[in-house]
Amino acid sequence: MAEMMYWQAILRAHDEEMARDPLVFAMGEDIGVAGGTYKATTGLFAKYGEQRVIDTPISENSYTGIGVGAAMLGCRPIVEIMSVNFAWLAMDQLMNNAAKVHYMSGGRIRCPFVMRVPGGTAHQLGAQHSARMEKVFMGISGLRVVTPSTPRDAYGLLKSAVRCDDPVVIIEHESMYNLKGEVPESEFFTPLEGCETVRPGTDLTIFAYNISVHWALEAAGRLSRELGIEAEVVDLRALKPLDRAGIAASVRRTHRALVVEEDEAPVGVGSEVIAILNEECFFDLDAAPVRVHARDVPIPYNRQLEKASIPNAGEVFAAARRILGK
Amino acid sequence: MDATDQKRLLREMLFARRFEERCAEAYQERQIGGFLHLYPGQEACAIGVLEKARPGHDYVITGYRDHIHAIKSGMDPKAAMAELYGKETGCSRGRGGSMHLFDPTCRFMGGYALVGGPFPLAAGFAKAIQMKGGDEIAICFLGDGANNQGTFHETMNMASLWQLPVLFVCENNLYGIGTAIERATVETSQYLRVAPYKIPASQCDGQDIDVVMSEAEKAVTHVREKRQPYFLELMTYRLRGHSMSDSGAYRSRDEVEQWARRDPISIYRARLEAANILAEEDFQKMDTDIQNEIENEIVRFAMESPEPRVEDLERYVYVDGGPKPWLK
Ligand SMILES: Cc1ncc(C[n+]2csc(CCOP(=O)(O)OP(=O)(O)O)c2C)c(N)n1
Ligand SMILES: [Mg+2]
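The structure contained in this document is the topic of the report that follows. Quick caveat: nothing in here was measured; it's all calculated off a predicted structure. (Residues numbered from 1 in each chain as written. Chains lettered and ligands numbered in written order. Predicted model: local features only at pLDDT ≥ 70, side-chain atom pairs only at ≥ 80, totals over all residues. Heavy atoms only, no water.)

**Focus on the coordination of the magnesium ion (ligand 2)**
All names here are of chain B.
- Coordination of the magnesium ion (ligand 2) by the protein involves D144 (OD), N173 (OD1) and Y175 (O), with metal-donor separations of 2.0 to 2.2 Å.
- Along the chain, the residues that donate to the magnesium ion (ligand 2) are spaced as D-x28-N-x1-Y.
- Judged by relative accessible area, which is 7%, N173 ranks as buried. (Donors = N, O, S within 2.8 Å, 3.2 Å for Na, K, Ca; no water. Buried < 20%, exposed > 50% of the residue type's maximum accessible area, 1.4 Å probe, protein only.)

Structure representation (structure tokens):
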């Protein structure tokens, strides 16, 4: 095991995949000579050259489409969008082409395309740099959507995404690139499907993904220490397809559910997970499931207001207490 | 080009015309659903350009008016018609429809519904060709209206910046649905619009297939040999409505009649007749043979083919049995 930062894990996955397969290439704004806004492609330009580490003009929709077209001919592009907010401009190529071409060609054309996007609310970046778009991507048929919560998964999910024959969106997090964690030294792949129990427990399940896994783990620690409540924390990790069976299996054991999402509540991970619980294991529930989520506002600049608009470990802790009546 | 090839070309254009007319009938019979955009009037464009490219070797992409581009690229017309009928034997197994014909075996990379959507895809094919090192080129056929999308400008810039081997063919039929070009676009000569991107470009008559072929040959050679983009504008006209639901009220009868006199099939037929390559009876026989083939082989195949199974509805959302490296 080696300890590394989230950005270093992403860089390592790029490097290994590019060294292995000459058809893997990376493109995005400032990823080459400048090394990437979050350093995730540092050094690759010098190593692989400008044909494979491409600094693009600021044309999100069309360089995404160029990646999609190259993927349709068997290349394996890794397209970085500088911030998820800018992915709105690439939605046409992502949703109308990448996500649909395999299906609408009756399975005759594959699109092994990877898009990496930092999402989430960072530090006072304002409404146009704080989007969380998971609800949008996970609603698109034909895409796969994954969200690494640790350096280990940032590495393993990118490795799997590059090898996958379907288009994959990887939602990273603006505030997590310097997060440290253990990453095995030998090559491995994190599944693009299925959720993972990151903390076993018996009293309730907290479903989370990406940064909210850290809020959930912090809350679970406090619940155990202060109240003797043992919360199970499940990292959903793959938001599309969502692991219906895995979600239901945990709640069949714990009988209570809490979903934590960084996105606003109307439409999204929370509503989807709770719908799955209703459909799969309603009669196993001892309490109504609860979601903890961002407030339904454009993210404000003011630091206090920004903090108040997104959830945190304290809110998760309080919500778990309410569910258990303690 | 010898007489045999000239007659073959005429036959291809006439086949294209009759194929499309038969589609219109099938649409009226409700055998074909959805949107249906037909090609009559523009036959010399796709057929002339691709005659000078290497169908099956070069990668071709276009918009929703895609039947003839697909067939000239090498798609079996039976698979095209079966697709329009929504059948499992269709080129896209009935999942695509008229606007989404695909046949990777002949490198026809698809018809797409979003105006301007194919520009970057074509540049992406060229990027893949460049990485793999072949002598193929990518050819992107779109209309004049598509050039007002951001993807046009974004893609021209990147195609030129990265020297991608892609030929953009603009079939300028003077309208985007019911909006005349001068009501939507300041610079009506489309080939002038790529000048700031330093892409070599030219404009020519799109109704005379000999003219199209001679310009296309230069364009294709440029892209193939120089490994650079090229933009070719073909001046053309559609003789039918934009789609089956178009009344055509926005065009004067006079204008349509004028263009009908420049029908690409009539022009070429007259030339072959004048050169004694083709007699009146030859043309009639050609036409009858084509209509018989369409009726007895192509439409029949489509009619008799099975529907996709409802059990397979969710197939092809993801690749069946795609790699799962985490399982090893
Ligand atoms: C992004 C988008 N906007 C609008 C439409 C509706 N639409 C379909 S075809 C068309 C006109 C396109 O004109 P042009 O590019 O000149 O092609 P033509 O049909 O004349 O060959 C429009 C507006 C669409 N399909 N996609
Ligand atoms: Mg037009």
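**Observations concerning the site of ligand 1**
Residue and element names in this part refer to chain B.
- Not every one of the 15 residues close to ligand 1 is listed here, only the nearest: Y64, R65, A113, G145 and N173.
- One of the backbone N or O atoms of Y175 is found 2.9 Å from an oxygen atom in ligand 1.
- One of the side-chain N or O atoms of H242 is found 3.4 Å from an oxygen atom in ligand 1.
- Computed on the free molecule, ligand 1 has an accessible area of 580 Å², of which 72% lies beneath the protein chains in the complex.
- Per-class residue counts for the shell around ligand 1 are 7 nonpolar, 6 polar and 2 charged. (Near = heavy atom within 4 Å. Polar contact = N/O pair within 3.5 Å; in protein donor to acceptor, adjacent residues only side chain to side chain. Areas by Shrake-Rupley, 256 points an atom, 1.4 Å probe, with all protein chains shown as cover. Nonpolar A, V, L, I, M, F, W, Y, C, P; charged D, E, K, R; others polar.)

**Regarding the interface of chain A and chain B**
- At the interface, 52 residues of chain A touch 45 residues of chain B.
- Contact between chain A and chain B buries roughly 4,100 Å² in total, counting both sides, with carbon and sulfur atoms accounting for 68%.
- On the chain A side of the contact with chain B, L73, Y103 and R108 of chain A bury the most area, a combined 20% of that side's loss.
- On the surface where chain A and chain B come into contact, there are 2 salt bridges.
- Across the pair D103 of chain B and R108 of chain A runs a salt bridge whose closest N-O atoms are separated by 3.0 Å.
- The interface formed by chain A and chain B contains 15 residue pairs in polar contact (both at pLDDT 80 or more).
- Top contributing element to the side of chain A that touches chain B by residue count: helix α3 (residues 60-72) of chain A, with 9 residues. (Contact = heavy atoms within 4.5 Å. Buried area = accessible area lost by both parts, 1.4 Å probe. Salt bridge = Lys/Arg side-chain N within 4 Å of Asp/Glu carboxyl O. Helix = DSSP H or I, 4+ residues; strand = E, 2+ residues; numbered from the N terminus.)

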